[in-house]
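# Remarks on the overall topology
Letter by letter, the chains look like this.
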Amino acid sequence: QEHQRRPTALQPLLDATFLLLRNQLMAHRVEAKVEVEPDLPMPDIDPNQIQQVFVNLINNAAQAIASTGRPGTVEVRARRWLDGVAIDVSDDGPGMSEGLAAQVFEPFFTTKPEGEGTGLGLSISQGIVREHGGRIMLSTEEDKGSTFTVQLPLATRAPAPPPDADHRVPTKRLRVLVVDDEPHILHYMRATLEAWGHIPVVAGDGEEALTLATRDSFDLVISDLRMPRLGGREFYEELVRLRPALATRLVFSTGDTVRGDTLAFLESLGRPYLHKPFSLAELRSLLGQVARESGPHVLLRDSRPAEVVPET
Ligand SMILES: Nc1ncnc2c1ncn2[C@@H]1O[C@H](COP(=O)(O)OP(=O)(O)OP(=O)(O)O)[C@@H](O)[C@H]1O
Ligand SMILES: [Mg+2]
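Residues numbered from 1 in each chain as written. Chains lettered and ligands numbered in written order. Predicted model: local features only at pLDDT ≥ 70, side-chain atom pairs only at ≥ 80, totals over all residues. Heavy atoms only, no water.

Time to look at unusual backbone geometry. Positive phi outside glycine occurs at L82, with the angle close to 45°. Positionally, L82 belongs in the loop between β4 (72-81) and β5 (84-91). (Helix = DSSP H or I, 4+ residues; strand = E, 2+ residues; numbered from the N terminus.)

Quick look at the structure:
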């Protein structure tokens, strides 16, 4: 269905969506707000499919507000996000518990009475957005409300290069500290980074990572957010204090569902983050970005020049 995709302005698409839902919103005493950043670039999308996503998200928000018995507001905000766009659909409805939030993307999961919900809205929406090379993230807090964020690249990414093309890309050897409490992720990251000629060092939690980060030098830190002992955010804050230069080169990796203000925290950092499960292409593009941005001064505590693997 790729042929249905075309560069699409978001303001008219969102306006049309709200118009479509006007009666439901009014019946539920829901006020609608749309805000589109000026000169927002047009993502390459199938407008019908993406509209379906917003219909689902706005309907969910309105139904959630209605369930509180109070009036409320659904706010849609479209903005630039890295090299694409992000659209936040926020409501001031009941929010969700962590347990509920962890299940909402599952097909057929619904809390609505029989006949009212199929439980397919979010899983279908997620499928559509992934087809477009994007993601849906959820940030929610009980009694405060929920924000679903749809991230879309401007153009569907070019397919990843075949594996044997890897070594033809000139690569700087990067020292990468990987922090995650899941052993299989550490294992996979170590193997991948080594295969690409980088130097991985792994840590199982923030505390261990902090010890390593203050003892050794790194070009990049990739850290999970949710970890026992010292969590990702606390690790970051300690790093800002102890190794501020390295803190600017910390990239978080996170699942689709983040708690409360975590998404806001991530976005306040104003830098890319990895979504688990991330693809090799995403990891590669992140490393390429760091290698390009950091230049020869990358290594922090010693001044070993960055090694360059020559083009073959
Ligand atoms: N904005 C929201 N606020 C609170 N809970 C929500 C929100 N959006 C979704 N949910 C919860 O997630 C569940 C799954 O949503 P989903 O859209 O997948 O299915 P549904 O809305 O139940 O059914 P359908 O979309 O088929 O009408 C909902 O039943 C609801 O419990
Ligand atoms: Mg729904």
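Quick look at the layout of surface pockets now. The computed volume of the second largest pocket comes to approximately 700 Å³. Breaking the lining of the second largest pocket down by element, the ones donating at least two residues are α3 (47-67), α5 (121-131) and β7 (145-153). Tallying contributions element by element places α3 first for the lining of the second largest pocket, with 8 residues. In terms of residue class, the lining of the second largest pocket is made up of 12 nonpolar, 13 polar and 3 charged. (1 Å grid on protein atoms, 1.4 Å probe; cavity = no way out; pocket = protein on both sides within 12 Å on 5 of 7 lines; lining within 4 Å. Points joined across faces, edges and corners; volume = space filled by probe spheres on them. Nonpolar A, V, L, I, M, F, W, Y, C, P; charged D, E, K, R; others polar.)

In the case of a regular strand, side chains alternate between the two sheet surfaces. Most of strand β6 (residues 135-141) is tucked away: 6 of the 7 residues are buried. Examined bridge by bridge, β6 and β7 share 7 bridges and lie antiparallel to one another. Across the sheet, residue E141 finds its bridge partner in β7, namely G145. Remark: 3 residues form the turn of the hairpin made by β6 and β7, two consecutive strands paired antiparallel; D143 in that turn has positive phi of roughly 70°. (Buried < 20%, exposed > 50% of the residue type's maximum accessible area, 1.4 Å probe, protein only. Pairing = 2+ DSSP bridges.)

Glancing now at α5. If you check which residues of α5 are buried, you get L122, S123, S125, Q126, I128 and V129. In the stretch just after α5, G133 is the one whose phi turns positive, near 80°.

Before going further, it helps to spend a moment on the environment of Q24. Mapped onto the elements, Q24 comes out in helix α2 (residues 22-27). For Q24 and N59, which are 35 residues apart along the polypeptide, the C-alpha to C-alpha distance reads 8.1 Å.

Neighbouring residues of ligand 1: 19 residues in total, closest N60, T110, T111, K112 and T118. Contact with the protein chains covers 91% of the free accessible surface of ligand 1, which is 600 Å². In a pocket analysis with a 2 Å cut-off to the grid points, ligand 1 is assigned to the second largest pocket. Of all elements in the fold, only α3, α5 and β7 reach the threshold of two or more residues within the shell around ligand 1. Here the shell around ligand 1 gets 3 residues from one element, more than from any other, and that element is α3. (Near = heavy atom within 4 Å. Areas by Shrake-Rupley, 256 points an atom, 1.4 Å probe, with all protein chains shown as cover. Sits in = over half its atoms within 2 Å of the grid points.)

This next bit is on the pairing of β5. Taken across its 8 residues, β5 has 7 buried, putting it largely inside the fold. In terms of strand pairing, β4 meets β5 through 8 bridges, oriented antiparallel. Of the residues in β5, the one forming a bridge with R79 is A86. Hairpin connection of β4 to β5: 2 residues between the antiparallel strands, including L82 at a positive phi of 45°. Of the pairings in the sheet, the one linking β5 to β7 comprises 8 bridges and is antiparallel in character. When the sheet's bridge partners are listed, D88 is paired in β7 with T149.

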